[in-house]
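# Close look at the chain arrangement
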Amino acid sequence: ARLGAVGSPGFYGDFRLSPSQTKVAYQAEDQNKNEFDIWVADLKRNVSSRLTFEAQNEVWPLWSQDESMVYYAHDGAGKYGIYRRPSSGVGSAQAVYTSDSGQCGPHDWLGKSTTIVGVAFRAGLSDIMSVDAEKPTSLTLLLQTEQFREACPRVSPDGRFLAYQNDESGKVEVYVRDLSPSGGKWQISTGGGWEPKWRGDGKELIYSASQWVLTAVPISTLGGHLEVGAPLPLFKQRFRYRGPSMTT
């Protein structure tokens with residue numbers, strides 16, 4: 001059932017609910033400049049405030065676990081890198097990780113650690129990577145293939161499983177990997193799927209399926225093994241991602 005509306009219609013994407021579930025960070029397009037900025041909506045007051053003001057694009061917002069910061073990808077230096085700003089709106093942007101050799105952006109946290117899980121780009125391909133937000137000396141590749149694109153990583157609430165999208169079958173599908181050294185891999189969607197998200201208790205995986213139908217799949221991890229239930233279509237989404245692409 002529809003619970004209510006936040007803000008007015010516009011060109012929005014990449015919504016991220018804060019840990020306290022009282023605010024939403026998202027990207028919005030400035031159509032006059034053809035650029036994306038990060039905004040924060042206060043759900044209690046139904047008021048939105050612009051958070052980023054840099055030239056070029058800011059996309060993929062990610063809350064810090066204490067909500068004091070919003071991390072995001074910014075391409076002001078000609079290549080996307082990871083930056084952050086105080087979520088209060090007071091303070092300047094801080095570079096977290098940038099590299100002359102490639103581009104990257106944040107997507108999630110690895111459990112309760114200071115490790116960001118995100119996407120790194122190379123020659124038209126993309127890989128799943130991690131970087132320590134407090135000691136960002138270099139990227140660590142978590143998942144890389146020679147000819148396919150991995151993207152949109154989301155870590156399960158217990159930190160054990162990684163959901164992501166991959167085009168190895170010839171079309172984009174949602175997969176889950178066990179993050180342990182000997183962990184397995186499961187294909188979740190079958191008719192196309194992208195942008196997976198875990199339910200807060202980890203018992204359901206939600207993703208966009210064919211025709212932009214938001215779909216939920218029950219997930220069980222009893223006994224340390226992941227079991228996948230039958231997909232359940234929820235509703236057709238009324239928005240589509242219109243953000244910039246990252247290429248090298």
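In what follows, the structure referred to is the one given above.
Quick look at the structure, then. Predicted model, so just to flag it, every value in this text is computed and none were measured.

Rules used in this analysis
- Residues numbered from 1 in each chain as written.
- Predicted model: local features only at pLDDT ≥ 70, side-chain atom pairs only at ≥ 80, totals over all residues.
- Heavy atoms only, no water.
- Helix = DSSP H or I, 4+ residues; strand = E, 2+ residues; numbered from the N terminus.
- Rg over C-alpha atoms; globule rule 2.2 N^0.38 Å.
- Contact = heavy atoms within 4.5 Å.
- Pairing = 2+ DSSP bridges.
- Axes fitted to C-alpha atoms, helices over the stretch in contact; angles between N-to-C directions.
- Core = buried A, V, L, I, M, F, W, Y, C linked by side-chain atoms within 4.5 Å.
- Buried < 20%, exposed > 50% of the residue type's maximum accessible area, 1.4 Å probe, protein only.
- Salt bridge = Lys/Arg side-chain N within 4 Å of Asp/Glu carboxyl O.

### Quick notes on the overall build of the chain
- Counting its regular elements, the chain contains zero helices and 21 strands.
- Taking 18 Å as the expected radius of gyration for a compact globule of 248 residues, we find that the chain reaches 17 Å, a close match to that expectation.
- Across its three principal directions, the C-alpha atoms of the chain cover 45 × 45 × 35 Å.
- For the chain, the proportion of contacts with a sequence separation of at least 24, taken over those separated by at least 6, is 32%.

### Brief notes about the sheet that holds strand β7 (residues 81-86)
- Strand order in the open sheet formed by four strands is β5-β6-β7-β8, and the pairing between neighbours is antiparallel. Of all the strands in the sheet, the pair left with one neighbour each is β5 (58-63) and β8 (94-97). Each strand of the sheet is rotated relative to its neighbour by a mean of 35°, with strand direction disregarded.
- The sheet contact formed by β5 and strand β6 (residues 69-74) spans four bridges and is antiparallel. The residue bridging Trp 63 from the neighbouring strand is Val 70, located in β6.

### Thoughts on the sheet that holds strand β11 (residues 125-132)
- Strand order in this open sheet of four strands is β9-β10-β11-β12, and the pairing throughout is antiparallel. Bordering the open sheet on either side are β9 (103-109) and β12 (140-143), each of which pairs with just one other strand. Between one strand axis and the next, the sheet turns through 40° on average, direction left out of account.
- With three bridges connecting them, β11 and β12 associate as antiparallel partners. Within β12, the residue paired with Ile 128 across the bridge is Leu 143.

### Some points on the nonpolar core
- Membership of the largest hydrophobic core comes to 16 residues, with the highest contact counts inside it found for Val 59, Trp 60, Val 119, Ile 128, Leu 162 and Tyr 164.
- Every element with two or more residues in this core is listed here: β5, β10 (115-122), β13 (150-155) and β14 (161-166).

### Comments concerning the pattern of salt bridges
- All chains considered together, the criterion is met by 12 salt bridges.
- For the salt bridge of Arg 45 with Asp 42, the shortest nitrogen-to-oxygen distance reads 3.3 Å.
- For Arg 45, a relative accessible area of 58% translates into the label exposed.
- Given the relative accessible area of 16%, Asp 42 is considered buried.
- Lys 185 is the salt-bridge partner of Glu 168, the closest N and O atoms lying 2.8 Å from each other. Remark: Lys 185 occurs in strand β16 (residues 185-187) and Glu 168 occurs in the loop between β14 and β15 (173-178); sequence separation between them is 17 residues.
- Several salt bridges share partner residues, and in doing so they unite Arg 199, Asp 201 and Glu 204 into one network.

### What about the pairing of strand β4 (residues 47-50)?
- Across four bridges, the pairing between strand β3 (residues 35-42) and β4 is antiparallel. In the strand pairing of β4, Ala 41 is matched with Ser 48.

### Some thoughts on unusual backbone geometry
- Unlike most non-glycine residues, Trp 60 shows phi in positive territory, near 60°.
- Residue classification places Trp 60 among the buried residues on the basis of a relative accessible area of 13%.
- With a phi angle near 60°, Trp 212 is a residue other than glycine that sits in the positive phi range.
- Structurally, Trp 212 can be placed in the loop between β18 (204-209) and β19 (213-220).

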